[in-house]
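Here are the chains, one letter per residue:
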Amino acid sequence: SQNLKQDFISTLAHDFKVPIIAQDNTYDLFLNGNFGELTQIQKHAIENLKISNNDLKNLIIDLLDAHKIERRKLELNIENINLNNLIKETIEQNQSILKIKGKEINFIEKEKINYKLDAFLIKRALNNLISNAIYYGKNSKNIEIILNKNENNIEISIIDEGEGIKEDLNKIFKKYYTASKKYSNIGVGLGLYIVNKIITAHKGKITAKNIENRGACFIVELPLTWFFKKIL
């Protein structure tokens with residue numbers, strides 16, 4: 001049955017996640033010199049292994065999240081969170097990949113904001129958006145994240161300063177959208193679908209646009225006042 005198939009995929013994805021994360025941590029130990037000094041060739045090889053492993057880790061987590069969304073088991077755990085610190089924590093979690101890719105994130109805090117949200121899920125959404133900016137901001141060393149507030153919304157903008165989105169902007173948040181494999185991790189097209197579901201569950205919305213000479217820009221809008229759905 002379809003449910004049995006989905007349960008099998010979920011169990012398999014969960015079992016895969018544990019050794020992949022352990023492997024990722026081991027690569028970091030090598031790169032940090034815990035096992036002795038590496039030659040440049042060795043360092044480059046391990047950096048490439050870490051990038052591939054990170055792709056695989058993100059794919060597995062996306063599969064698990066997509067399964068939870070389809071089974072309506074992704075519950076919101078709402079807390080009052082400092083959004084500035086949450087964004088900084090998410091950026092810090094991506095530092096090793098940023099360093100390998102030769103990129104930097106410039107976080108512009110126009111407001112200090114406390115907000116009621118699910119910290120784990122919002123961090124998950126931000127991580128997917130940052131991953132997209134890292135991998136698909138071609139020919140750019142900079143990623144800009146702007147946190148702002150207006151009369152109705154909190155806005156988080158992520159600008160990759162790359163080549164922009166060549167695909168149909170109305171379709172990139174659809175599940176398994178693969179018209180162009182270069183704008184979805186490993187061509188699966190789950191990352192932006194999951195981001196959209198998480199933001200929608202918070203009564204917000206996400207949009208994408210191209211900015212001339214600045215690449216792709218994803219804008220997350222969260223309403224200043226809302227009543228949340230407990231379950232997606």
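Residues numbered from 1 in each chain as written. Predicted model: local features only at pLDDT ≥ 70, side-chain atom pairs only at ≥ 80, totals over all residues. Heavy atoms only, no water.

(A) Molecular detail of the overall build of the protein chain. Tallying secondary structure elements over the protein chain gives 6 helices and 7 strands in all. Reading the protein chain from its N end, one meets helices and strands in the order α-α-β-α-α-β-β-α-β-β-α-β-β. The 232 residues of the protein chain split such that 48% are buried. Total accessible area on the protein chain stands at roughly 12600 Å², and carbon and sulfur atoms take up 50% of it. (Helix = DSSP H or I, 4+ residues; strand = E, 2+ residues; numbered from the N terminus. Buried < 20%, exposed > 50% of the residue type's maximum accessible area, 1.4 Å probe, protein only. Areas by Shrake-Rupley, 256 points an atom, 1.4 Å probe, with all protein chains shown as cover.)

(B) Looking closely at the nonpolar core. Leu83, Ile87, Ile145 and Phe218 are the most contacted members of the largest nonpolar core, which totals 51 residues. At 11 residues, helix H5 (residues 119–136) tops the list of elements feeding residues into this core. (Core = buried A, V, L, I, M, F, W, Y, C linked by side-chain atoms within 4.5 Å.)

(C) Expanded view of helix H3 (residues 83–93). Restricting attention to buried positions, one finds in H3 the residues Leu83, Asn84, Leu86, Ile87, Thr90 and Ile91. The arc that holds the buried residues of H3, viewed along the axis, is 165°, so those residues lie on one side. Opposite the buried face of H3, at more than 90 degrees from it, the exposed residues are Glu92 and Gln93. The residue sitting at the N-terminus of H3 and contributing the capping side-chain oxygen is asparagine 82; that oxygen lies 3.2 Å from the backbone nitrogen of asparagine 84. (Arc of directions from axis to C-beta. Polar contact = N/O pair within 3.5 Å; in protein donor to acceptor, adjacent residues only side chain to side chain.)

(D) View of the packing of H5 against helix H6 (residues 191–201). In the contact formed by H5 and H6, the axes pass within 9 Å of each other and the chain directions differ by 145°. Between H5 and H6 lies a crossing whose hand is left-handed. Along its contact with H5, which presents Leu121, Ile122, Arg124, Ala125, Asn128, Leu129 and Asn132, the element H6 presents Gly191, Leu192, Ile194, Val195, Ile198 and Ile199. Classifying every residue of the contact of H5 with H6 gives 9 nonpolar, 3 polar and 1 charged. (Axes fitted to C-alpha atoms, helices over the stretch in contact; angles between N-to-C directions. Left-handed = near helix turned anticlockwise from the far one by under 90°. Contact = heavy atoms within 4.5 Å. Nonpolar A, V, L, I, M, F, W, Y, C, P; charged D, E, K, R; others polar.)

By themselves, these are just geometric observations and shouldn't be taken as functional.
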